[in-house]
Amino acid sequence: MDLKQLRAVSAVGAHRSFSGAARALSTVQSNISAHVARLERELGVTLIERETNELTPEGQVVAARTQRIETELEALASDLAALRDEVVGQVRVGMIGTTARWLVPLLLDHLSVAHPGIHVRLLDGTTSVLLPRVVEGDLVLAVVSESSHDPAVSMVSLFDEDLVLVVGVDHPLAGRSRVSVVDLDGWEVILDVPGSRFRALLDSRCAAAGVELLPKAEIEGLRLIASLAFSGFGAAVLPASAAPYGGSQDWVAIPFDDIAGRTVGLAQRRTGMPSAAERTVAEAIVEVVTASAAHQGGIRARTSGAGAS
(Lines give C-alpha, C1' and ligand atoms only; values in the text may rest on other atoms or scores of the structure.)
Protein backbone atom coordinates (compact mmCIF):
# COMPACT_ATOMS: atom_id res chain seq x y z
CA MET A 1 0.00 0.00 0.00
CA ASP A 2 1.40 3.39 -0.94
CA LEU A 3 0.19 6.97 -1.21
CA LYS A 4 -0.17 6.86 -5.01
CA GLN A 5 -2.63 3.98 -4.71
CA LEU A 6 -4.63 5.73 -2.01
CA ARG A 7 -4.75 8.96 -4.00
CA ALA A 8 -5.89 7.08 -7.10
CA VAL A 9 -8.87 5.56 -5.29
CA SER A 10 -9.84 8.91 -3.76
CA ALA A 11 -9.54 10.70 -7.11
CA VAL A 12 -11.76 8.17 -8.92
CA GLY A 13 -14.32 8.56 -6.15
CA ALA A 14 -14.19 12.35 -6.38
CA HIS A 15 -14.38 12.56 -10.18
CA ARG A 16 -16.52 9.47 -10.87
CA SER A 17 -14.19 8.39 -13.64
CA PHE A 18 -10.72 6.95 -14.14
CA SER A 19 -9.95 9.51 -16.85
CA GLY A 20 -11.00 12.37 -14.59
CA ALA A 21 -8.83 11.01 -11.80
CA ALA A 22 -5.89 10.82 -14.19
CA ARG A 23 -6.32 14.46 -15.20
CA ALA A 24 -6.61 15.54 -11.57
CA LEU A 25 -3.40 13.70 -10.62
CA SER A 26 -1.52 14.69 -13.81
CA THR A 27 -0.97 11.14 -14.98
CA VAL A 28 -2.45 8.68 -17.49
CA GLN A 29 -5.54 6.53 -17.06
CA SER A 30 -3.58 3.27 -17.21
CA ASN A 31 -1.60 4.31 -14.11
CA ILE A 32 -4.79 5.03 -12.19
CA SER A 33 -6.24 1.65 -13.16
CA ALA A 34 -3.05 -0.12 -12.15
CA HIS A 35 -2.84 1.63 -8.76
CA VAL A 36 -6.46 0.82 -7.94
CA ALA A 37 -6.15 -2.81 -9.05
CA ARG A 38 -2.98 -3.37 -6.99
CA LEU A 39 -4.55 -1.91 -3.86
CA GLU A 40 -7.68 -4.04 -4.33
CA ARG A 41 -5.55 -7.17 -4.65
CA GLU A 42 -3.54 -6.26 -1.57
CA LEU A 43 -6.64 -5.56 0.54
CA GLY A 44 -8.74 -8.36 -0.93
CA VAL A 45 -11.76 -6.12 -1.56
CA THR A 46 -13.39 -4.19 -4.39
CA LEU A 47 -12.95 -0.47 -3.89
CA ILE A 48 -14.65 0.90 -7.01
CA GLU A 49 -17.74 -0.37 -8.84
CA ARG A 50 -16.51 -0.52 -12.42
CA GLU A 51 -19.94 0.00 -14.02
CA THR A 52 -20.63 3.27 -12.20
CA ASN A 53 -17.13 4.28 -11.01
CA GLU A 54 -18.62 4.87 -7.56
CA LEU A 55 -16.78 3.94 -4.39
CA THR A 56 -17.92 0.79 -2.62
CA PRO A 57 -18.37 1.01 1.18
CA GLU A 58 -14.78 -0.25 1.46
CA GLY A 59 -13.66 2.39 -1.03
CA GLN A 60 -15.39 5.09 0.99
CA VAL A 61 -13.41 4.04 4.06
CA VAL A 62 -10.17 4.20 2.09
CA ALA A 63 -11.03 7.65 0.68
CA ALA A 64 -11.91 9.02 4.11
CA ARG A 65 -8.67 7.72 5.63
CA THR A 66 -6.70 9.06 2.68
CA GLN A 67 -8.10 12.54 3.33
CA ARG A 68 -6.86 12.32 6.91
CA ILE A 69 -3.45 11.12 5.77
CA GLU A 70 -3.21 14.03 3.30
CA THR A 71 -4.19 16.45 6.05
CA GLU A 72 -1.49 15.06 8.35
CA LEU A 73 1.13 15.33 5.60
CA GLU A 74 0.19 18.98 5.06
CA ALA A 75 0.39 19.55 8.83
CA LEU A 76 3.83 17.92 8.92
CA ALA A 77 5.14 20.25 6.21
CA SER A 78 3.60 23.23 7.99
CA ASP A 79 5.16 22.33 11.35
CA LEU A 80 8.60 21.86 9.82
CA ALA A 81 8.34 25.23 8.08
CA ALA A 82 7.30 26.85 11.37
CA LEU A 83 10.60 25.71 12.90
CA ARG A 84 12.22 28.03 10.37
CA ASP A 85 9.94 30.88 11.52
CA GLU A 86 7.87 30.55 8.35
CA VAL A 87 4.22 29.56 8.80
CA VAL A 88 2.97 27.98 5.58
CA GLY A 89 0.30 25.51 4.59
CA GLN A 90 -3.29 25.03 3.52
CA VAL A 91 -6.10 25.31 6.06
CA ARG A 92 -9.73 24.28 5.44
CA VAL A 93 -12.16 26.51 7.30
CA GLY A 94 -15.95 26.41 7.37
CA MET A 95 -18.05 29.47 8.20
CA ILE A 96 -21.75 30.24 8.44
CA GLY A 97 -22.71 32.67 5.70
CA THR A 98 -24.04 35.45 7.91
CA THR A 99 -20.72 35.76 9.72
CA ALA A 100 -18.66 35.18 6.58
CA ARG A 101 -20.22 38.32 5.08
CA TRP A 102 -18.09 40.59 7.30
CA LEU A 103 -15.43 38.31 8.80
CA VAL A 104 -13.93 36.68 5.69
CA PRO A 105 -12.60 39.88 4.04
CA LEU A 106 -11.03 41.02 7.31
CA LEU A 107 -9.52 37.59 8.00
CA LEU A 108 -8.02 37.20 4.53
CA ASP A 109 -6.58 40.72 4.62
CA HIS A 110 -5.02 40.01 8.01
CA LEU A 111 -3.47 36.72 6.87
CA SER A 112 -2.19 38.15 3.59
CA VAL A 113 -0.13 40.68 5.55
CA ALA A 114 0.86 38.69 8.63
CA HIS A 115 1.15 35.17 7.15
CA PRO A 116 1.27 35.23 3.33
CA GLY A 117 2.42 31.59 3.25
CA ILE A 118 -0.95 30.35 4.53
CA HIS A 119 -3.58 29.43 1.95
CA VAL A 120 -7.13 29.31 3.35
CA ARG A 121 -9.84 27.24 1.66
CA LEU A 122 -13.25 28.45 2.87
CA LEU A 123 -16.54 26.56 2.87
CA ASP A 124 -19.80 28.48 3.33
CA GLY A 125 -22.46 26.36 5.05
CA THR A 126 -24.95 26.04 7.86
CA THR A 127 -23.98 24.96 11.37
CA SER A 128 -25.73 21.61 10.89
CA VAL A 129 -23.60 20.96 7.80
CA LEU A 130 -20.27 22.27 9.09
CA LEU A 131 -20.08 20.68 12.56
CA PRO A 132 -20.20 17.05 11.33
CA ARG A 133 -17.41 17.85 8.88
CA VAL A 134 -15.27 19.11 11.76
CA VAL A 135 -15.96 15.89 13.69
CA GLU A 136 -15.04 13.81 10.63
CA GLY A 137 -11.81 15.76 10.13
CA ASP A 138 -12.84 17.10 6.72
CA LEU A 139 -12.70 20.64 8.14
CA VAL A 140 -10.06 21.82 10.59
CA LEU A 141 -11.96 24.84 11.91
CA ALA A 142 -15.51 26.14 11.60
CA VAL A 143 -17.19 29.34 12.73
CA VAL A 144 -20.70 28.23 13.73
CA SER A 145 -23.64 28.92 15.99
CA GLU A 146 -23.13 27.68 19.54
CA SER A 147 -26.78 26.72 20.05
CA SER A 148 -25.57 23.13 20.33
CA HIS A 149 -22.45 21.23 19.44
CA ASP A 150 -20.94 17.76 19.39
CA PRO A 151 -18.93 16.68 22.46
CA ALA A 152 -16.16 15.65 20.06
CA VAL A 153 -15.70 19.34 19.23
CA SER A 154 -14.08 22.04 21.34
CA MET A 155 -15.63 25.49 21.08
CA VAL A 156 -14.20 28.96 21.70
CA SER A 157 -16.92 31.61 22.01
CA LEU A 158 -16.25 34.43 19.56
CA PHE A 159 -19.14 36.87 19.85
CA ASP A 160 -22.75 37.42 20.87
CA GLU A 161 -25.10 39.03 18.41
CA ASP A 162 -28.55 40.56 18.63
CA LEU A 163 -31.56 39.46 16.65
CA VAL A 164 -33.13 42.05 14.36
CA LEU A 165 -36.37 42.34 12.43
CA VAL A 166 -35.68 43.27 8.80
CA VAL A 167 -38.66 44.93 7.08
CA GLY A 168 -39.20 47.15 4.07
CA VAL A 169 -39.37 50.88 4.73
CA ASP A 170 -43.12 50.84 3.95
CA HIS A 171 -43.88 48.13 6.54
CA PRO A 172 -46.07 49.31 9.47
CA LEU A 173 -43.28 48.38 11.94
CA ALA A 174 -40.53 50.19 10.01
CA GLY A 175 -40.75 53.33 12.14
CA ARG A 176 -40.01 51.53 15.41
CA SER A 177 -36.65 51.97 17.11
CA ARG A 178 -37.13 48.64 18.96
CA VAL A 179 -39.57 45.77 18.60
CA SER A 180 -40.85 43.04 20.90
CA VAL A 181 -41.54 39.41 20.15
CA VAL A 182 -45.27 40.09 20.56
CA ASP A 183 -45.02 42.53 17.65
CA LEU A 184 -44.54 39.50 15.37
CA ASP A 185 -48.02 38.21 16.21
CA GLY A 186 -50.21 38.32 13.14
CA TRP A 187 -47.47 39.24 10.65
CA GLU A 188 -46.11 36.96 7.94
CA VAL A 189 -42.36 36.31 8.29
CA ILE A 190 -39.81 34.53 6.09
CA LEU A 191 -38.52 31.70 8.29
CA ASP A 192 -35.69 29.23 8.34
CA VAL A 193 -36.75 25.60 7.87
CA PRO A 194 -38.15 23.64 10.84
CA GLY A 195 -35.43 21.69 12.63
CA SER A 196 -32.66 24.20 11.99
CA ARG A 197 -30.82 25.58 15.01
CA PHE A 198 -31.87 29.16 14.30
CA ARG A 199 -35.52 28.23 13.75
CA ALA A 200 -35.55 26.23 17.01
CA LEU A 201 -34.10 29.24 18.84
CA LEU A 202 -36.77 31.56 17.44
CA ASP A 203 -39.65 29.11 17.91
CA SER A 204 -38.79 28.53 21.58
CA ARG A 205 -38.72 32.24 22.36
CA CYS A 206 -41.96 32.94 20.51
CA ALA A 207 -43.67 29.99 22.23
CA ALA A 208 -42.63 31.34 25.63
CA ALA A 209 -44.32 34.64 24.75
CA GLY A 210 -47.44 32.95 23.39
CA VAL A 211 -46.70 34.12 19.84
CA GLU A 212 -47.36 31.92 16.83
CA LEU A 213 -45.23 32.78 13.81
CA LEU A 214 -46.93 32.96 10.42
CA PRO A 215 -44.50 31.73 7.77
CA LYS A 216 -44.63 33.54 4.44
CA ALA A 217 -42.02 31.04 3.27
CA GLU A 218 -39.69 28.54 4.91
CA ILE A 219 -36.23 28.61 3.38
CA GLU A 220 -32.99 26.90 4.36
CA GLY A 221 -30.14 29.38 4.69
CA LEU A 222 -30.15 32.68 6.55
CA ARG A 223 -28.19 34.47 3.87
CA LEU A 224 -30.84 33.68 1.25
CA ILE A 225 -33.56 34.74 3.68
CA ALA A 226 -31.71 38.03 4.20
CA SER A 227 -31.46 38.62 0.45
CA LEU A 228 -35.20 38.06 0.04
CA ALA A 229 -35.97 40.44 2.92
CA PHE A 230 -33.65 43.10 1.45
CA SER A 231 -35.39 42.78 -1.93
CA GLY A 232 -38.82 43.37 -0.39
CA PHE A 233 -40.21 39.82 -0.51
CA GLY A 234 -41.15 39.93 3.17
CA ALA A 235 -40.13 40.55 6.76
CA ALA A 236 -37.50 38.33 8.40
CA VAL A 237 -35.95 37.78 11.82
CA LEU A 238 -32.19 37.57 11.40
CA PRO A 239 -28.99 37.67 13.42
CA ALA A 240 -27.43 41.13 13.33
CA SER A 241 -24.47 39.90 11.28
CA ALA A 242 -26.81 39.06 8.39
CA ALA A 243 -27.92 42.68 7.98
CA PRO A 244 -25.33 45.35 7.11
CA TYR A 245 -25.31 47.94 9.87
CA GLY A 246 -27.40 51.01 9.05
CA GLY A 247 -29.86 49.33 6.68
CA SER A 248 -30.58 50.88 3.27
CA GLN A 249 -33.09 53.12 1.51
CA ASP A 250 -35.31 50.09 0.93
CA TRP A 251 -35.26 48.29 4.29
CA VAL A 252 -34.46 48.75 7.98
CA ALA A 253 -33.13 46.42 10.68
CA ILE A 254 -34.88 46.89 14.03
CA PRO A 255 -33.37 45.28 17.18
CA PHE A 256 -35.53 43.23 19.55
CA ASP A 257 -35.69 44.32 23.16
CA ASP A 258 -36.91 41.00 24.60
CA ILE A 259 -35.33 38.22 22.51
CA ALA A 260 -31.77 37.30 23.33
CA GLY A 261 -29.61 36.68 20.30
CA ARG A 262 -27.16 33.90 19.62
CA THR A 263 -23.51 33.17 20.30
CA VAL A 264 -21.11 32.30 17.49
CA GLY A 265 -18.02 30.23 18.23
CA LEU A 266 -14.95 28.66 16.68
CA ALA A 267 -15.25 24.87 16.51
CA GLN A 268 -12.28 22.51 16.38
CA ARG A 269 -12.04 18.74 16.75
CA ARG A 270 -10.86 17.71 20.23
CA THR A 271 -8.65 14.91 18.95
CA GLY A 272 -5.79 15.43 16.55
CA MET A 273 -2.76 17.67 16.44
CA PRO A 274 -3.36 20.98 14.62
CA SER A 275 -0.57 22.14 12.35
CA ALA A 276 1.22 25.44 12.84
CA ALA A 277 -0.83 26.93 10.00
CA GLU A 278 -4.08 25.71 11.55
CA ARG A 279 -3.17 27.11 14.96
CA THR A 280 -2.22 30.41 13.33
CA VAL A 281 -5.53 30.71 11.48
CA ALA A 282 -7.48 29.91 14.67
CA GLU A 283 -5.58 32.65 16.50
CA ALA A 284 -6.15 35.05 13.58
CA ILE A 285 -9.92 34.46 13.64
CA VAL A 286 -10.03 35.28 17.35
CA GLU A 287 -7.82 38.33 16.89
CA VAL A 288 -9.86 39.73 13.99
CA VAL A 289 -13.18 39.20 15.80
CA THR A 290 -11.84 40.84 18.96
CA ALA A 291 -10.66 43.88 17.01
CA SER A 292 -13.59 44.24 14.63
CA ALA A 293 -16.84 42.91 16.11
CA ALA A 294 -17.79 46.20 17.76
CA HIS A 295 -17.78 47.93 14.38
CA GLN A 296 -20.36 45.58 12.86
CA GLY A 297 -23.43 46.72 14.81
CA GLY A 298 -25.31 44.42 17.18
CA ILE A 299 -22.23 42.23 17.73
CA ARG A 300 -20.16 42.00 20.92
CA ALA A 301 -16.88 40.08 21.08
CA ARG A 302 -16.62 37.36 23.74
CA THR A 303 -12.91 36.71 23.28
CA SER A 304 -9.91 38.35 24.91
CA GLY A 305 -7.44 37.59 22.14
CA ALA A 306 -6.42 34.03 23.09
CA GLY A 307 -6.53 31.50 20.30
CA ALA A 308 -8.38 28.22 20.16
CA SER A 309 -6.73 25.32 21.88
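Preceding this paragraph is the structure being described.
Residues numbered from 1 in each chain as written. Predicted model: local features only at pLDDT ≥ 70, side-chain atom pairs only at ≥ 80, totals over all residues. Heavy atoms only, no water.

Caption draft 1: Structural context of the pattern of salt bridges. All told, the structure shown has ten salt bridges when counted by the stated rule. The salt bridge partner of Asp138 is Arg133, with a shortest N-O separation of 2.4 Å. With relative accessibility at 18%, the residue Asp138 sits in the buried group. With its nearest N and O atoms 2.6 Å apart, the salt bridge here joins Arg262 to Glu161. Pair noted here: Arg262 is in strand β12 (residues 262-269) and Glu161 is in strand β6 (residues 153-161), with a separation of 101 residues, a long-range link. Judged by its relative accessible area of 1%, Glu161 is buried. Linked through salt bridges whose partners overlap, the residues forming this network are Arg92, Arg133 and Asp138. (Salt bridge = Lys/Arg side-chain N within 4 Å of Asp/Glu carboxyl O. Buried < 20%, exposed > 50% of the residue type's maximum accessible area, 1.4 Å probe, protein only. Helix = DSSP H or I, 4+ residues; strand = E, 2+ residues; numbered from the N terminus.)

Caption draft 2: Local environment of helix α3 (residues 29-43). With 15 residues, α3 should reach 21 Å at 1.5 Å per residue; the first-to-last C-alpha distance of 21 Å fits that figure. All of the buried residues in α3 are Ile32, His35, Val36, Leu39 and Glu40. Taken end-on, α3 shows its buried residues confined to a sector of 130 degrees, consistent with a single buried face. In this structure, α3 carries Ser30 and Arg41 as exposed residues pointing more than 90 degrees from its buried face. Trailing α3 by a residue or two, Gly44 shows a phi angle of about 75 degrees, which is positive. (Expected span 1.5 Å × (residues − 1). Arc of directions from axis to C-beta.)

Caption draft 3: Local environment of the environment of Lys4. With respect to the helices and strands, the residue Lys4 is situated in helix α1 (residues 3-15). With relative accessibility at 59%, the residue Lys4 sits in the exposed group. Taking C-alpha positions, Lys4 is 61 Å from His171, a pair spaced 167 residues apart along the chain.

Caption draft 4: Representation of the sheet that holds strand β5 (residues 141-145) within the structure. One open sheet holds the six strands; their spatial order is β4-β3-β5-β12-β6-β13, and the pairing between them is mixed. Every interior strand has two partners, whereas the edge strands, β4 (118-124) and β13 (299-301), have only one. Within the sheet, the average angular offset between the axes of one strand and its neighbour, ignoring direction, is 25 degrees. Taken together, the three bridges between β6 and β13 define a ladder with antiparallel strand orientation. The residue bridging Asp160 from the neighbouring strand is Arg300, located in β13. Here helix α9 (residues 276-292) sits on the sheet in contact with β3 (89-95), β4, β5, β6, β12 and β13, set at roughly 45 degrees to β3. (Pairing = 2+ DSSP bridges. Axes fitted to C-alpha atoms, helices over the stretch in contact; angles between N-to-C directions. Contact = heavy atoms within 4.5 Å.)

Caption draft 5: Seen up close, the sheet that holds strand β7 (residues 163-168). Here five strands make up an open sheet; going across it, the order is β9-β8-β10-β7-β11 and the pairing mixed. Taken across any chain shown, the strands that pair with only one partner, and hence form the sheet edges, are β9 (214-218) and β11 (251-255). Averaged over all pairs of adjacent strands, the angle between strand axes in this sheet comes to 35 degrees, irrespective of strand direction. Pairing of β7 with β11, which is carried by five bridges, proceeds in the antiparallel orientation. Opposite Val166, over in β11, you have Ala253 as the bridge partner. Set on the sheet, helix α8 (residues 222-230) makes contact with β7, β8 (188-191), β10 (235-239) and β11; between it and β10 the angle comes to about 135 degrees.

Caption draft 6: Spotlight on the pairing of β7. Burial analysis of β7 places six of its six residues in the buried class, the great majority of the element. With burial as the criterion, each face of β7 is covered, one bearing Leu163, Leu165 and Val167 and the other bearing Val164, Val166 and Gly168.

Caption draft 7: Structural context of the nonpolar core. Counting 38 residues, the largest nonpolar core has Leu141, Leu158, Leu266, Val281, Ile285 and Val289 as the members making the most contacts within it. Those elements that place two or more of their residues in this core are β3, α5 (97-114), β4, α6 (127-136), β5, β6, β12 and α9. With sequence-adjacent residues up to four places away left out, Ile285 is seen in contact with Val93, Leu103, Leu107, Leu141, Val143, Leu158 and Leu266. With 36 residues, the next largest nonpolar core counts Val166, Val189, Ala236 and Phe256 among its residues. (Core = buried A, V, L, I, M, F, W, Y, C linked by side-chain atoms within 4.5 Å.)

Caption draft 8: The packing of α1 against α3, seen in detail. With their axes 8 Å apart at the nearest point, α1 and α3 run at an angle of 110 degrees to one another. Relative to α3, the element α1 is oriented roughly perpendicular. For the pair formed by α1 and α3, the contact residues are Lys4, Gln5, Leu6, Ala8, Val9 and Val12 on the first element and Ile32, His35, Val36, Arg38, Leu39 and Glu42 on the second. Across the contact of α1 with α3, the residue classes tally to seven nonpolar, two polar and three charged. (Parallel < 35°, antiparallel > 145°, perpendicular 65-115°, else oblique. Nonpolar A, V, L, I, M, F, W, Y, C, P; charged D, E, K, R; others polar.)

Caption draft 9: Region of the structure containing a nonpolar patch on the surface. A cluster of nonpolar residues, Ile69, Leu73 and Leu76, forms a patch on the protein surface that exposes about 240 Å² of accessible area. With respect to the helices, strands and loops of the structure, Leu76 is situated in helix α4 (residues 57-82). (Patch = residues over 30% accessible without salt bridge, like charges linked within 9 Å, V, L, I, M, F, W, Y side chains within 5 Å. Areas by Shrake-Rupley, 256 points an atom, 1.4 Å probe, with all protein chains shown as cover.)

Caption draft 10: Representation of empty space enclosed by the protein in the model. Applying the stated criterion to the full structure yields one cavity of 30 Å³ or more. Put simply, the largest cavity is a space of about 50 Å³. Taken together, Ile190, Leu191, Asp192, Phe198, Arg199, Leu202, Leu222, Ile225, Val237 and Leu238 form the lining of the largest cavity. Sorting the residues of the lining of the largest cavity by element identifies β8, α7 (197-208), α8 and β10 as the ones contributing at least two each. For the lining of the largest cavity, the element with the highest residue contribution is α7, accounting for three residues. (1 Å grid on protein atoms, 1.4 Å probe; cavity = no way out; pocket = protein on both sides within 12 Å on 5 of 7 lines; lining within 4 Å. Points joined across faces, edges and corners; volume = space filled by probe spheres on them.)

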